[in-house]
Amino acid sequence: MASKSHRLLVVVSILEGRHFPRRPRLSLVVRASFDGEQLATDPVEHRDRPPFSTELAWELDRRTLQQHRLQRTPIKLQCFAIDSETKRSESVGYVVLDLRSVHEVQQEPRWFPLLSSRYTKPRPALLVGAALESDAKPAEPSPDGFKAKKAPPRRGPAGRLEATLEATLEATLIPEQGYHQVGPADLCSDMFVLSVTVAFATKLEQLIPSTTKLSAEGPGFFFYYSLLGNDITSEPFGSLLSPDFEPERASVRIRSSKPVLRAFLSQQPGLQIHLCCGTRSLGGTDVPLAALSAVCVDLENKAATVEGAFVLQPPGRSNRAPSALPADLQPTVGVAVTLRREEVTPQFLGTKEARCDPPAAERPASSPPPLPPPSSHTESEAESLLEELPVQQQQGRTEAAAEGGASSVSVSAPKVSVPSSAHHYCFSLDLRSLRNLSPSHAIAATLRYSYHFFGSAAPIMTRPPLELQRNAEASPPQSYCAFDFAAVAQQLQDTFLRVPLVVEVWHKDSTSGDQLIGRASLQLSHLLSCERTRLLSSAGEPSWRQTHHERVAALSPQRDSEKVAELSYVATLDDFGLVKAREVVVVDSSQSEPAPTQPPPHSAAPGPMAPPRDTLEYRTALELELWKEEQEDLFDDQLRRKELSHMKALALEWRRRDGEREALVQKKEAEFSALEETLQRTLSDLETREKQLAEAELETRRLQKELQAEHHLAHRELQEAGRRLQQDCDHRVALERDKVRQVEEERGRLLQQMSDAEARYKQLDKEFQLFREQQNVRPEFRLQSEVNLLTLEKVELERKLESTTKSKLHYKQQWGRALKELARFKQREQENAMTRLKKQQAELEAMRLRYLATEQKEAVQLERRELDDIKNQLNRLKQQEDRLGPAPTLSPNGGAEEHLSRLLEERDTLLRTGVYTHEDRIISELNRQIQEAMREGAEL
């Protein structure tokens, strides 16, 4: 091993594929990605078994390989179908290879099914082999064309187990035995239990769009998932606001071994759990089963558990896509996945199981004492009943009871009439235990309480005192007490909701006297919300029982926030129905037993004539009247019960709809907060752009000033150059004019000389002719010489004339050049003027852009004001909903007009924002309310 090179090659052999559909126009390409480098095979024909026959290799050293193995860097093979004409590629699927399973020993190629494949029936697969090779020696070519050599056959069960771990594992159902087989049956014989528990769910209303009512989704919601091919649904629940369903556990038995089962779970995709309504999925989440194989727990002694609250995503969103909702508003479902041995009792790591204490009926040691007789009502209870009845009704019922001599009871105590709707109640309180004592020393605890509504002003105390140590729990003696009383149901509810029962904890000290240690407040309203149980009383009459168990803190009287101890109690309320007796004997609260009643004395013998009230007709009429009154009372009681039930139903419906509105408002607030964040980011971007524009504007102004300075400098230079050129031209023109004048003068002079010479010539010619005539006798050569002289003078004069003509032409050419130079200067000045005009146009364009930026800034400020108006409108609508009562009252004509004007103003305000149109639901609702208000105003 020491002689091997440190450079290695990771070689991936892609041999062939199978189960690919035949598509003649397309070709298949496999692209492999590893360590930031991507390699690809040659395109092959898209058919059932495409022959790739390609080896892809990556070079790296052993240290890098070890780092990749520690980081679990995968080798991803992606298969693409490429159109030969359009060169368009589409993903067919992918395969992920684990680098930790690649060794230097040549291994048999394996079939890997394509994940997320678009071809599902059947699923395509690739025959892939991977190995590590040393870079020092060349790779030995396979004799059969890139096909890996088969490893020598292994002997014994260890070789078979290793081959099983490398193969693709599947769970096979054995219906006769009731389990799934994973791996070979002779090697995998251990029984395991895979359990999935859906425990709770929160914020499910966030999966429903804000434009849809929660009640429109249907009454039945449930969770659905598939566990090893078994479709499992939870118990349906009716409300997304408060999903109330019992936690359910689904378990399957698996026959396998620990390494094979871990390999099987690592190959499995995530468990998809969906929240469904009917046949539609409202959201789902993935629970990774592969995490069970990574839990380092000994399955022989403990269970491997993966649990947590998983976020539900809508169907159109990926699990990796970030959600716009905050963490406390995201819909979640609590799921626990457990794997354990079948023989081992599961010990959950970190799970909490709710334990319910047995009801009071199941506690034989603390059975309640017999109930006191109904006649033990006190004077305070009678006074509470008298407050609800008119005095005339009390007197009438007292007189009617006094007139019925046979049915009346003669007692010395006063009597009070009981209303027909009053119920016979029995309230019992059992103070179970005290624990978690705060003082460091032991106390002799005595519990004391009183509740005047039960008809007893005397306090109830536990005795003898209870010795209680710190960090100990003890049960006080004689802590059970029951109260029988009659009351109206509404009065009972109002009293329990308003007045708590206060239990005082006293310390009995023989030296310093009694000391008040703490007070515990028992909220009796919790008892009214408990489940009612139907029972039969000792007389065989039906009754209803409600039981509440709770542990409350006893707080110090000096400091309300300091906890002294914890008190556990059980409260029970029995409802025996309507009170049968119409009168209650008022007994003083100091009496411990009811006053004995004596039967009325009977006469020894009837008189000769019976009084009129003792006749049969009078008794029949009296019984008929009493029966009528009883039936009327029963009818009134039934009406009150129906009214109470309807009011409860309305209150429940109101609370449900109020919860829906609250959820909708919270969702809208979340959406508006997200929109506000977006607008804040946009505003910050606009402010940044505004700053950039301001800086650019300052830079533009600086450049403009520099350009203007340069322009003025160039303009002054051009003016100076033009002035100098103009002066030079004027000077040259003046010189040329002087020259022309001189030439003209010379020409005139020469012409004058010519004319003078011609005149002289003529004169001489005349003189010559005259002389010739006069001197005709002279010799000829003298005449010839004179002629020659005159000819020479003539030639000289002609030459001078020609030179004068040439100088005139030269002056004309110089004048033309001067005119051309002037025209060239004029053209250059025009070009400079055009350049200045273009610069002025560019400056105008920059000013126009600044104006557009200013308009855009004003538009953003207008949108910000509109957003503030919308927020104010939402707050005003919310305040209006809070101000609306359950029963609207009729308003006068002025109020109707004010209501109509307010509706019109709200509709116009919403339409002016631009967010709403006439087709929106809120605008339609406002139009309907406006029409109704107009009709009501017309009727008024």
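Keep in mind that this is a model prediction, so the values were computed, not measured.

With that settled, the discussion passes to the overall build of the protein chain. The helix and strand tally for the protein chain stands at 12 helices and 31 strands. Taken over 940 residues, the protein chain has a buried fraction of 29%. Within the protein chain, contacts between residues separated by at least 24 positions form 70% of all contacts whose residues are at least 6 apart in sequence. Only carbon and sulfur atoms are counted for the fraction: they give 53% of the accessible area of the protein chain, which is about 60600 Å².

Right, let's get into the sheet that holds strand S14 (residues 230-233). Spatially, S14-S13-S16-S17 is the arrangement adopted by the 4 strands of the open sheet, whose pairing is antiparallel. Looking at strand neighbours, the two that pair on one side only are S14 and strand S17 (280-287), the edges of this open sheet. For this sheet the average axis-to-axis angle between neighbouring strands, irrespective of direction, equals 25°. Strand direction decides the pairing type here: strand S13 (residues 222-227) and strand S16 (residues 271-277), joined by 4 bridges, are antiparallel. In the sheet register, Phe 222 faces S16, and the bridge partner there is Cys 276.

Across its 19 residues, helix H12 (residues 921-939) extends 27 Å between first and last C-alpha, which sits within 8% of the 27 Å expected from 1.5 Å per residue. Turning to H12, its buried residues are Ile 923, Leu 926, Ile 930 and Ala 933. Down the axis of H12, the buried set is contained in an arc of 80°. They therefore lie on one face. Opposite the buried face of H12, by more than 90 degrees, sit the exposed residues Arg 921, Ala 938 and Glu 939.

Position of His 180 relative to the elements: it lies in strand S11 (residues 179-182). Looking at His 180, the relative accessible area reads 7%, which means it is buried.

On the surface, Leu 849, Tyr 851 and Leu 852 cluster together into a nonpolar patch covering about 310 Å² of accessible area. With respect to the helices, strands and loops of the structure, Leu 852 is situated in helix H10 (residues 780-883).

Moving on: the sheet that holds strand S1 (residues 7-18). Whether parallel or antiparallel, the strands of a sheet pair through hydrogen bonds between backbone atoms. Pairing in this open sheet of 4 strands is antiparallel, and the strands run S5-S1-S9-S8 from one edge to the other. Two strands close off the open sheet at either side, each with one partner strand: strand S5 (51-61) and strand S8 (110-113). Recorded for the sheet is a direction-independent mean angle of 30° between the axes of neighbouring strands. Looking at chain direction, S8 and strand S9 (residues 125-134) are connected through 4 bridges and run antiparallel.

Quick look at the packing of aromatic side chains now. Applying the stated criterion across every chain, the model contains 13 aromatic pairs. When the ring of Phe 454 is compared with that of Phe 483, the centres are 4.9 Å apart and the planes differ by 25°; the resulting orientation is stacked. Within this pair, whereas Phe 454 is found in the loop between strand S22 (443-449) and strand S23 (460-461), its partner Phe 483 is found in strand S25 (residues 480-487), the two being separated by 29 residues in sequence. The side chain of Arg 31 reaches across the aromatic face of Phe 80, ending 4.6 Å from its centre. Above the ring of Phe 192, the side-chain terminus of Arg 341 is found at 5.5 Å from the ring centroid.

This next bit is on the environment of Glu 473. On the secondary structure map, Glu 473 appears in the loop between strand S24 (466-468) and S25. Once the C-alpha coordinates of Glu 473 and Leu 567 are considered, the two residues, 94 residues apart in sequence, prove to be 9.7 Å apart. With sequence-adjacent residues up to four places away left out, Glu 473 is seen in contact with Ser 433, Leu 434, Arg 435 and Arg 551. Of the polar contacts made by the side chain of Glu 473, one reaches the side chain of Ser 433; its length is 2.9 Å.

Of note, the amide linkage connecting Arg 463 to Pro 464 takes the cis form, showing an omega dihedral of 0°. Relative to the helices and strands, Pro 464 resides in the loop between S23 and S24. A positive phi angle is found at His 19, which is not glycine, with a value near 60°. By secondary structure assignment, the location of His 19 is in the loop between S1 and strand S2 (26-34). In this structure, Lys 87 takes a positive phi of about 60° despite not being glycine. Relative to the elements of secondary structure, Lys 87 occurs in the loop between strand S6 (74-83) and strand S7 (89-98). Residue classification places Lys 87 among the exposed positions, given a relative accessible area of 63%.

Across the protein chain, the average pLDDT comes to 77, with 78% of residues at 70 or higher. Long-range and interchain partners of residues 344-416, a stretch whose pLDDT sits below 50, account for 100 contacts in this model, where long-range means more than four residues apart.

On to the nonpolar core, then. Phe 223, Tyr 225 and Leu 275 are the most contacted members of the largest nonpolar core, which has 44 residues in total. Those elements that provide at least two residues to this core are strand S12 (190-202), S13, strand S15 (248-256), helix H3 (258-267), S16, S17, strand S18 (304-311) and strand S19 (332-341). Those residues in contact with Leu 275, other than ones at most four positions away along the chain, are Leu 204, Leu 207, Phe 221, Phe 222, Phe 223, Phe 237, Leu 240, Arg 280, Ser 281, Leu 282 and Gly 283. If you look at the next biggest cluster of nonpolar residues, it comprises 38 residues, including Ile 443, Leu 466, Cys 481 and Ala 554.

One pass over the full model with this rule turns up 2 cavities of 30 Å³ or more. Counted as a void, the largest cavity has a volume near 40 Å³. Around the largest cavity sit Leu 750, Gln 753, Met 754, Leu 797, Lys 800 and Leu 801, which together line it. Those elements that provide at least two residues to the lining of the largest cavity are helix H9 (616-774) and H10. Its residues assigned to classes, the lining of the largest cavity comprises 4 nonpolar, 1 polar and 1 charged. Taken as a whole, the second largest cavity encloses approximately 30 Å³ of empty space. A total of 4 residues in the lining of the second largest cavity trace back to one element, the largest contributor, which is H10.

Next up on the list: the pairing of S17. Across 7 bridges, the pairing between S16 and S17 is antiparallel. In the sheet register, His 274 faces S17, and the bridge partner there is Gly 284. Linking two consecutive strands that pair antiparallel, namely S16 and S17, is a turn of 2 residues; a positive phi of about 75° is found at Gly 278 within it.

Let's shift gears to the pattern of salt bridges. Scanning the entire structure with this criterion turns up 42 salt bridges. The salt bridge involving Arg 118 is made with Glu 90; its shortest N-O contact spans 2.5 Å. With Arg 118 in the loop between S8 and S9 and Glu 90 in strand S7, this pair connects stretches of sequence that are 28 residues apart. Exposure remark for Arg 118: the relative accessible area of 45% places this residue in the partly exposed category.

Moving on, we get to the state of the cysteines. Evaluated as defined, the whole model comprises 0 disulfides. The structure places no disulfide on Cys 426, whose sulfur is separated from the nearest cysteine sulfur, that of Cys 481, by 9.6 Å. Cys 426 gets classed as buried once you look at its relative accessible area, which sits at 2%.

Procedures and definitions
Residues numbered from 1 in each chain as written. Predicted model: local features only at pLDDT ≥ 70, side-chain atom pairs only at ≥ 80, totals over all residues. Heavy atoms only, no water. Helix = DSSP H or I, 4+ residues; strand = E, 2+ residues; numbered from the N terminus. Buried < 20%, exposed > 50% of the residue type's maximum accessible area, 1.4 Å probe, protein only. Contact = heavy atoms within 4.5 Å. Areas by Shrake-Rupley, 256 points an atom, 1.4 Å probe, with all protein chains shown as cover. Pairing = 2+ DSSP bridges. Axes fitted to C-alpha atoms, helices over the stretch in contact; angles between N-to-C directions. Expected span 1.5 Å × (residues − 1). Arc of directions from axis to C-beta. Patch = residues over 30% accessible without salt bridge, like charges linked within 9 Å, V, L, I, M, F, W, Y side chains within 5 Å. Salt bridge = Lys/Arg side-chain N within 4 Å of Asp/Glu carboxyl O. Phe/Tyr/Trp six-rings, centres within 6.5 Å; stacked < 30°, edge-to-face > 60°. Lys NZ or Arg CZ within 6 Å of the ring centre and 35° of its normal. Polar contact = N/O pair within 3.5 Å; in protein donor to acceptor, adjacent residues only side chain to side chain. pLDDT = per-residue confidence, 0-100. Core = buried A, V, L, I, M, F, W, Y, C linked by side-chain atoms within 4.5 Å. 1 Å grid on protein atoms, 1.4 Å probe; cavity = no way out; pocket = protein on both sides within 12 Å on 5 of 7 lines; lining within 4 Å. Points joined across faces, edges and corners; volume = space filled by probe spheres on them. Nonpolar A, V, L, I, M, F, W, Y, C, P; charged D, E, K, R; others polar. Disulfide = S-S within 2.5 Å.

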